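Remarks on the overall topology
The lines below spell out each chain.
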Amino acid sequence: MKYFFTLCFFFISYVQLCAQNDMLIVSRDTMSCQIKIDLKKGDYQVFYKDNNSGKWNDIYAENADAVHKANSFYLSLKLPDTEKKVWVRCFFDGVFQLVQYHSRFYVIGPDGIIKLKSNDDIEKEGKRQIRNLFIGQMIAYFNNKVEFDFKKLSYNPKLFVLPMIKYHEEKHLSYRDYNNYSKPRFVFNVTAGAELENAELFAKREDQWGGLIVPVMFGGHSSFLNANINVSFPKFSKRFYFSGGVELSNDKVSGVRKLTEGVINYYYELDHNGVNISFPVRAGYTILKEPKWNVTLYTGLQPALNVYSNATLRVETEINNTVNTQFIDLQRLDMAQLFHQVGLTFDYSIFGKIFSIGGGYNYSLSPKNKVVNTLRKDNSVLFSIGYNF
């Protein structure tokens, strides 16, 4: 029972703490209280609870400056098409402000206030041939202020704030974005790159001294093509993301290695060509974020399977100036390998398009099962270039 009362205590404390986030601003004085917002016939109505009487009281726009409720912000303003002050919802607050009244958006800034006309407004004026007039209004208002592709705007507050955010970040100005980003954000990414890798060969050598399994290290390289989807949750963090996808790679490992045992020299000559498919899963965090570029640290797991292998091994045994040669057909490694990967990506914007270059390190987490006459990738260093759609 005591645990029940303890949980009730923490729940009530949490509710009270959340309520304390509500604020009423009157003549630049701030009062913490519970706020309630209603919408009636397009007009916002604001109520606050008196802590003494416990009653809800309405407060008119003429008698207050602003209210803050959770992650919502409302201002008392006189708009060009209103006779007196009204409550408007603020979606962006900085040098510029984006507010909403009666389902219409207004931009407020040093150059004044404009009402962004929706397509419904244009049709009511009998000008159906003119569409998306708000794009031209935004271009005119932000002319010579920020470089932005305004053509991708729609009549949506989450899009209207984008050029404002870019302006403030480029000028290193503070701002608040009050949009609700509860829905996840998806970004499709294609990456191509190359790896420098180390592979381990477990070769079985047959000679007059019997069979012996010998591990031999070889160096190689590979090229890969990766397609993945990045998922982020802006409501919780605009810097953290998850990603998953598929990757195809072509490995080439070749070279000659010499091993000496007493007076005997062994020469291993390998020529390998293989194709792998893998399914990388990552988590990333943006450690440096600037208006036109950012740096992201990522880590993840990458299960991989070899789907094609063509490899031959030539083994020469030299003793007392006598050379014996063997040719060994290597087997395809039919078990999946698991790799851990860490890396950095540098993302940069060119004409509104996001490109990335990156580097990383992969190493195998799979146990070293000594399967005879198979080649196993051990670790690699990778370099990549990508594009976000």
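Overview of the structure.

Definitions and limits used
- Residues numbered from 1 in each chain as written.
- Predicted model: local features only at pLDDT ≥ 70, side-chain atom pairs only at ≥ 80, totals over all residues.
- Heavy atoms only, no water.
- Helix = DSSP H or I, 4+ residues; strand = E, 2+ residues; numbered from the N terminus.
- Buried < 20%, exposed > 50% of the residue type's maximum accessible area, 1.4 Å probe, protein only.
- Contact = heavy atoms within 4.5 Å.
- Areas by Shrake-Rupley, 256 points an atom, 1.4 Å probe, with all protein chains shown as cover.
- 1 Å grid on protein atoms, 1.4 Å probe; cavity = no way out; pocket = protein on both sides within 12 Å on 5 of 7 lines; lining within 4 Å.
- Points joined across faces, edges and corners; volume = space filled by probe spheres on them.
- Nonpolar A, V, L, I, M, F, W, Y, C, P; charged D, E, K, R; others polar.
- Phe/Tyr/Trp six-rings, centres within 6.5 Å; stacked < 30°, edge-to-face > 60°.
- Lys NZ or Arg CZ within 6 Å of the ring centre and 35° of its normal.
- Pairing = 2+ DSSP bridges.
- Patch = residues over 30% accessible without salt bridge, like charges linked within 9 Å, V, L, I, M, F, W, Y side chains within 5 Å.
- Salt bridge = Lys/Arg side-chain N within 4 Å of Asp/Glu carboxyl O.
- Lys, Arg positive; Asp, Glu negative; His and termini not counted.
- Charge placed at Lys NZ, Arg CZ, Asp CG, Glu CD.
- Axes fitted to C-alpha atoms, helices over the stretch in contact; angles between N-to-C directions.

Take the overall build of the chain next. Helix and strand counts for the chain stand at four helices and 22 strands. Put simply, the chain has 389 residues, and 40% of those count as buried. Sequence separation of 24 or more characterises 57% of the internal contacts of the chain that already satisfy a separation of 6 or more. Working note: accessible area of the chain is about 22,500 Å², and carbon and sulfur atoms make up 56% of it.

Applying the stated criterion across every chain yields a total of two cavities of 30 Å³ or more. In this structure, the largest cavity encloses a volume near 360 Å³. Surrounding the largest cavity, 28 residues form its lining, Asp 251, Asn 276, Asn 306, Gln 337 and Lys 377 being those nearest its centre. Broken down by secondary-structure element, the contributors of at least two residues to the lining of the largest cavity are strand 13 (185–207), strand 15 (240–261), strand 16 (264–278), strand 18 (293–319), strand 20 (337–350) and strand 22 (374–388). Broken down by element, the lining of the largest cavity gets its largest block of residues, six residues, from strand 18. Partitioned by chemical class, the residues of the lining of the largest cavity number eleven nonpolar, ten polar and seven charged. Taken as a whole, the second largest cavity encloses approximately 50 Å³ of empty space. Lining of the second largest cavity is provided by Glu 195, Phe 224, Glu 247, Arg 282, Gln 302, Gln 341, Asn 362 and Leu 382.

With that out of the way, let us pick up the packing of aromatic side chains. For the structure shown, the criterion picks out 23 aromatic pairs. Their ring planes at 75 degrees and their centres at 5.1 Å tell us that Phe 96 and Tyr 167 sit as a pair that is edge-to-face. You can see Phe 96 sitting in the loop between strand 8 (86–93) and strand 9 (97–101) and its partner Tyr 167 sitting in helix 4 (residues 157–170), a full 71 residues away along the chain. Taking the relative accessible area as the measure of exposure, Phe 96 reaches 1% and is therefore buried. Relative to Phe 160, the ring of Phe 105 lies with its centre 5.7 Å away and its plane at 65 degrees, an arrangement referred to as edge-to-face. Residue Phe 105 is found in strand 10 (residues 104–109), and its partner Phe 160 is found in helix 4; the two are separated by 55 residues along the sequence. Both residues of the pair, Phe 105 and Phe 160, count as buried. By way of ring pairs, the aromatic residues Phe 188, Trp 293, Phe 346, Tyr 348, Phe 355, Tyr 387 and Phe 389 are connected into one cluster. Across from the ring centre of Phe 47, 5.5 Å away, lies the NZ or CZ of Lys 36, which sits over that ring. Taking NZ or CZ as reference, Arg 282 lies 4.2 Å from the ring centre of Tyr 298, over its face.

Turning to the pairing of strand 16, a few remarks are in order. The two faces of the sheet receive side chains in turn, since in a regular strand these alternate between them. Across 15 bridges, strand 15 lies against strand 16 in antiparallel orientation. Within strand 16, the position partnered with Leu 259 by the bridge is Tyr 266. What sits between the antiparallel neighbours strand 15 and strand 16 is a turn of two residues, in which Gly 262 has the positive phi angle 65 degrees. Both strand 16 and strand 18 contribute to a ladder of 14 bridges, which runs antiparallel. Counted as the bridge partner of Asn 273 is Asn 310 from strand 18.

A cluster of basic residues, Lys 152, Arg 185, Arg 239, Lys 289 and Lys 353, forms a positive patch at the surface. Within the fold, Lys 289 resides in strand 17 (residues 281–289). The class for Lys 289 is partly exposed, based on a relative accessible area of 39%.

What follows covers the pairing of strand 1 (residues 23–26). The sheet contact formed by strand 1 and strand 6 (residues 66–69) spans three bridges and is antiparallel. Looking at the pairing, Met 23 lines up with His 68 of strand 6. Here strand 1 runs beside strand 2 (residues 29–32); their pairing, made up of four bridges, is antiparallel. Directly across from Leu 24, in strand 2, lies its bridge partner Met 31.

Our next topic: the sheet that holds strand 5 (residues 56–59). Spatial ordering of the open sheet is given by 3-4-5, a layout of three strands whose pairing is antiparallel. For this open sheet the edge positions go to strand 3 (35–40) and strand 5, each flanked by a neighbour on one side alone. The average undirected angle you get between the axes of adjacent strands in this sheet is 35 degrees. Where strand 4 (residues 43–49) meets strand 5, four bridges bridge the pair, whose relative direction is antiparallel. Its bridge partner lying in strand 5, Lys 49 is registered against Trp 56.

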